[in-house]
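# Examining the three-dimensional arrangement
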Amino acid sequence: MPTLVMKFGGTSVANLDRIARAAKRVAVEVANGYDVIVIVSAMSGKTNELVGWVDETAPLYDAREYDAIVSSGENVTAGLMALRLQEMEIPARSWQGWQVPLMTNSTHSSARIEEIPTEKINAKFGEGMKVAVVAGFQGISPEGRITTLGRGGSDTTAVAFAAAFGAERCDIYTDVDGVYTTDPRIASKARKLDKIAFEEMLELASLGAKVLQTRSVELAMRYNVRLRVLSSFEEPSDSAGTLVCDEEEIMESNVVAGVAYSRDEAKMTLISVADRPGIAAAIFGPLSDAGVNVDMIVQNISEEGRTDMTFSCPVDQTMRAAKAMEEAKTSGEINFHDLVTDDAVAKVSVVGIGMRSHAGVAAQMFKALHDEGINIKVITTSEIKISVLIDRKYMELAVQALHDAFELEKAA
Ligand code: ADP
Ligand code: ASP
Ligand code: MG
């Protein structure tokens, strides 16, 4: 039997009616002759609530306990979806990560999938099970403890299952009807894309477009999974949604494919550190050990052998970062005058494969921001993207201004 993976995100399983609606979609694919692997998220808002409880109990929490707690939302929806399907006389069974078992490494709260054995689920398909409902976002470490895959990780569970089971397609059902040129909730002129290249989707995701988790796109690219994003609220058709595919499958595309943003960033500056060989390692080593995801880095002008070092990281990691820096100072690894945190910044980025062969995108981007009076604090670029750090209060304005400046509402 051909296999299909169908993933339903938080809003698509937000209550019993929505679960029933999603189950009907699954029933259609069962009737089409597929063995279906359904990946479910927690009900919308549930994971945030669980994370909130963890933060309130222990701001510098033990990540193993964080995982034990925040993984639980998916267990509920997996069981409910299986029950709903059984009520429709479809043989279905729920699977928690450890039962598969979905093996990950031990990096709690952002674990990577190492292996998905197919034997147990395939044996159940062989015995007549038609739907395996798998709790997304969770796995089990070599030490036998529950892990989670990072926020939005159910997308990655879905693509990894599609790869492991050789599924015909991996359909990601969500609350928008595809991938847009930017978040349609921020820019009303955002345009839905019929197709987007893996590389562009990868950049957009990693720069904040949360419609797909970055790692899910990486896996789809590596294992050539046919990945489709579509709405769970609309009647699907073969051409519904957005197909994430190879660059070669797309005939025409704009120089800039899309605009992404990441709202909750912070900028931290170490004032007056010694400008000597090894200083970057002495700063960023401890930050990495403390689990801080450093993104942009700028070393400022040096004066009399001392310099300022600026970096950005997610705003909820500033406490960890400050603690790591204070400890490094106490142990004598580094010496700095002060640590200044700006926790009201956001990152806005433009992405497009066309930038490889087109000059002038950066200049156009900076002009558009200047025209709106938006000050740029930090800039980083790569072959197919340009990112800027700006005051968070201008984020929406910047996204809209860039969408307009690159005329993304118009197809190529
Ligand atoms: P789910 O709970 O189904 O996983 P998410 O909230 O994680 O859904 O992702 C869907 C959301 O991603 C949309 O509601 C939208 O606001 C946001 N989003 C951000 N950028 C984009 C984009 N370029 N295209 C579509 N959606 C986007
Ligand atoms: N429930 C998890 C989250 O909110 C995983 C997911 O929905 O993909 O991040
Ligand atoms: Mg998501």
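Above this text sits the structure in question.
These notes cover the structure that comes with them. (Residues numbered from 1 in each chain as written. Chains lettered and ligands numbered in written order. Predicted model: local features only at pLDDT ≥ 70, side-chain atom pairs only at ≥ 80, totals over all residues. Heavy atoms only, no water.)

### Topic: the layout of surface pockets
Of the volumes computed, that of the second largest pocket is approximately 410 Å³. Along its surface, the second largest pocket is lined by 22 residues, and Lys195, Ile250, Glu252, Ser253 and Asn254 are the ones closest to its centre. Here the residues of the lining of the second largest pocket sort into eleven nonpolar, four polar and seven charged. (1 Å grid on protein atoms, 1.4 Å probe; cavity = no way out; pocket = protein on both sides within 12 Å on 5 of 7 lines; lining within 4 Å. Points joined across faces, edges and corners; volume = space filled by probe spheres on them. Nonpolar A, V, L, I, M, F, W, Y, C, P; charged D, E, K, R; others polar.)

### Let's talk about the site of ligand 2
Neighbouring residues of ligand 2: Ser41, Ala42, Thr47, Glu74, Phe137, Arg151, Gly152, Gly153 and Ser154. Within the contact set of ligand 2, an oxygen atom lies 2.7 Å away from a side-chain nitrogen or oxygen of arginine 151. A distance of 2.8 Å separates an oxygen atom of ligand 2 from a polar atom in the backbone of glycine 152. Protein coverage of the free-state accessible area of ligand 2, which is 260 Å², stands at 86%. Residue classes in the shell around ligand 2 are distributed as two nonpolar, five polar and two charged. (Near = heavy atom within 4 Å. Polar contact = N/O pair within 3.5 Å; in protein donor to acceptor, adjacent residues only side chain to side chain. Areas by Shrake-Rupley, 256 points an atom, 1.4 Å probe, with all protein chains shown as cover.)

### Digging into unusual backbone geometry
With glycine set apart, most residues show a phi of negative sign, and most peptide bonds adopt trans. In the segment running from valine 100 into proline 101, the intervening peptide bond is cis, with an omega of -10 degrees. Within the secondary structure, proline 101 is located in the loop between β3 (92-95) and β4 (103-104). Look at phenylalanine 137: it is not a glycine, yet its phi comes out positive at around 80 degrees. Tracing the backbone through its elements, the reader meets phenylalanine 137 in the loop between β6 (131-135) and β7 (138-140). Judged by its relative accessible area of 3%, phenylalanine 137 is buried. (Helix = DSSP H or I, 4+ residues; strand = E, 2+ residues; numbered from the N terminus. Buried < 20%, exposed > 50% of the residue type's maximum accessible area, 1.4 Å probe, protein only.)

### Let's talk about the sheet that holds strand β10 (residues 195-197)
Strand order in the open sheet made by the eight strands is β3-β6-β2-β1-β9-β11-β12-β10, with mixed pairing throughout. Each edge of the open sheet is held by one strand with a lone partner, namely β3 and β10. On average, adjacent strands in this sheet sit at an angle of 20 degrees to one another, irrespective of strand direction. Direction of pairing for strand β9 (residues 169-174) relative to strand β11 (residues 227-231): parallel, over a ladder of five bridges. Counterpart to aspartate 171 in the pairing with β11 is arginine 228. Of the strands in this sheet, β1 (3-8), β2 (35-40), β3 and β6 are in contact with helix α4 (residues 72-87), which crosses β6 at around 165 degrees. (Pairing = 2+ DSSP bridges. Axes fitted to C-alpha atoms, helices over the stretch in contact; angles between N-to-C directions. Contact = heavy atoms within 4.5 Å.)

### So, the packing of aromatic side chains
Where two aromatic rings form a pair, the distance of their centres and the angle of their planes describe that pair. Under the criterion given, the structure shown has four aromatic pairs. Between phenylalanine 8 and tyrosine 173 the ring centres are 4.9 Å apart and the planes differ by 15 degrees, which places this aromatic pair in the stacked class. Placement of phenylalanine 8 in strand β1 and of tyrosine 173 in strand β9 is noted, with a sequence separation of 165 residues between them. Here the basic side chain of arginine 320 rests over the ring of tyrosine 61, its NZ or CZ set 5.2 Å away from the ring centre. Here the guanidinium or amino end of lysine 329 rests over the ring plane of phenylalanine 336, the centre of that ring lying 4.5 Å away. (Phe/Tyr/Trp six-rings, centres within 6.5 Å; stacked < 30°, edge-to-face > 60°. Lys NZ or Arg CZ within 6 Å of the ring centre and 35° of its normal.)

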